[in-house]
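Each chain, written out:
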Amino acid sequence: MIKVPFNKPYTSGQESVYIEECIKTGQISGNGPYTQRVQEFMENKFACSKILLTTSCTAALEMAALLIELQPGDEVIMPSFTFVSTANAVLLRGARPVFADIEPGTLNINPTEIEKKINPRTRAVIVVHYAGAACNMDEIMRIAGENDLKVIEDAAQAVNARYRDKYLGTIGDIGCYSFHATKNYTCGEGGAILINCLEQDLIQKAEFIWEKGTNRSSYLKGKVNKYEWVSVGSSYLPSEILAAFLQAQLKQLDVISGMREKIYRYYLDNLKDFAAEGLIKLPVIPQYAKSNYHIFYILFNTEDDREYVRNYLNNQGIEAVFHYLPLHTSPMGRKLGYCKGDLEVTEQAGSTLLRLPLYPHLTVYEQDYILENLRAALQEVSG
Ligand SMILES: *Cc1c(COP(=O)(O)O)cnc(C)c1O
């Protein structure tokens, strides 16, 4: 038996070199040269007018909620099939998360379901690009435009992925990235907020919120000769040490996604026969999406099948995991008045999805071991 962990963060080896430089120069607090370099690199690569590094995607989502000035009484439509931070950002402003169901193929929010939830209190939509495959952004932007709603992209999983020729996170009004250790590009804990609308005001507002409600960013650019308290804000910017780590990762941007794509395709090729037999369903990447191959998942017909295979793999030392426990059926979701039965596709995905290990240095030997055991488990399920 060999042990295959669910995730192993990729490192290029340059991380410690860059961090060493921070230590030598003494520039270890935030918004220094590494932060500037990383932000500019991403602004150019992803074609975005303003990107600010944050301590997490959670922090970026909280900044987004502050930026669009969510108020108690406001409603924000989002999937329930997501991580808790998407909803917490809205709740922290006293506004209400309104959950819409997902599409069965991509597990992304269903535009038709968004339309059904719109009412005069609706202020915004938060879309989640699940597994790094784009939501149907043309439809979503059309619906938002017609109803005067802000669009926030929770692109935590979608750094370096595209919708047609646009990078995810750059299409809505605001985008949010994660650089958590489980994501494709990481600095341990980190994130970024992307400000896409060309209103200079919004960019400045974001910089104030980011720098604890001060105009320190303007001061650093030499625009003012002292910095002072100018708005509400908090501490959302990461240390230079984290920015230095991230710089090393971003230099390998396409190398990393290329390594992941190879592993993803190997899974697909080796599982298509089981899908043809109807034993499992494989992930769907729509024509309009260029994935970054963040997650490889399979869907079973029943929760019992999923649990059987998961336990089988776990017992063979393979860390296969499930998610998400839908937000609307969780204890907090129930407190908000939602209940089981509200969102059929979401609940089905939550109970039948299994994620397989996927990280750049997963070897062919390990992947063959996973597939061999998966085949054996599937045979038992079907027999
Ligand atoms: C990982 C993730 C987050 C949270 O990211 P952090 O950087 O850990 O705060 C938010 N939303 C989604 C969809 C995620 O996958």
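What you are looking at is a predicted structure, and each value in this text was computed from that prediction instead of being measured. (Residues numbered from 1 in each chain as written. Predicted model: local features only at pLDDT ≥ 70, side-chain atom pairs only at ≥ 80, totals over all residues. Heavy atoms only, no water.)

Draft legend 1. Representation of the layout of surface pockets in the model. Put simply, the largest pocket is a space of about 550 Å³. Along the wall of the largest pocket there are 27 residues; nearest its centre are Phe 83, Gln 157, Thr 182, Lys 183 and Tyr 324. At the level of secondary structure, the elements contributing two or more residues to the lining of the largest pocket comprise helix 3 (57–67) and helix 4 (84–91). For the lining of the largest pocket, the residue count by class is ten nonpolar, 13 polar and four charged. Put simply, the second largest pocket is a space of about 220 Å³. Lining of the second largest pocket is provided by Glu 303, Arg 306, Phe 322, Leu 325, Pro 326, Thr 329, Lys 340, Glu 347, Gly 350 and Ser 351. The set of elements that each furnish at least two residues to the lining of the second largest pocket consists of helix 11 (303–315) and helix 13 (344–352). Taken together, the residues of the lining of the second largest pocket break down into three nonpolar, three polar and four charged. (1 Å grid on protein atoms, 1.4 Å probe; cavity = no way out; pocket = protein on both sides within 12 Å on 5 of 7 lines; lining within 4 Å. Points joined across faces, edges and corners; volume = space filled by probe spheres on them. Helix = DSSP H or I, 4+ residues; strand = E, 2+ residues; numbered from the N terminus. Nonpolar A, V, L, I, M, F, W, Y, C, P; charged D, E, K, R; others polar.)

Draft legend 2. Representation of the side chain of Asp 173. Positionally, Asp 173 belongs in the loop between strand 7 (166–167) and strand 8 (174–178). Here Asp 173 occupies a buried position and makes no salt bridge, while the nearest side chain of opposite charge, Lys 150, is found at 4.4 Å. A distance of 2.8 Å separates the side chain of Asp 173 from the backbone nitrogen of Val 151, its partner in a polar contact. Once you skip the residues sitting within four places of it in the chain, Asp 173 turns out to touch Leu 149, Lys 150, Val 151, Leu 194, Ile 195, Asn 196 and Cys 197. (Buried < 20%, exposed > 50% of the residue type's maximum accessible area, 1.4 Å probe, protein only. Lys, Arg positive; Asp, Glu negative; His and termini not counted. Salt bridge = Lys/Arg side-chain N within 4 Å of Asp/Glu carboxyl O. Polar contact = N/O pair within 3.5 Å; in protein donor to acceptor, adjacent residues only side chain to side chain. Contact = heavy atoms within 4.5 Å.)

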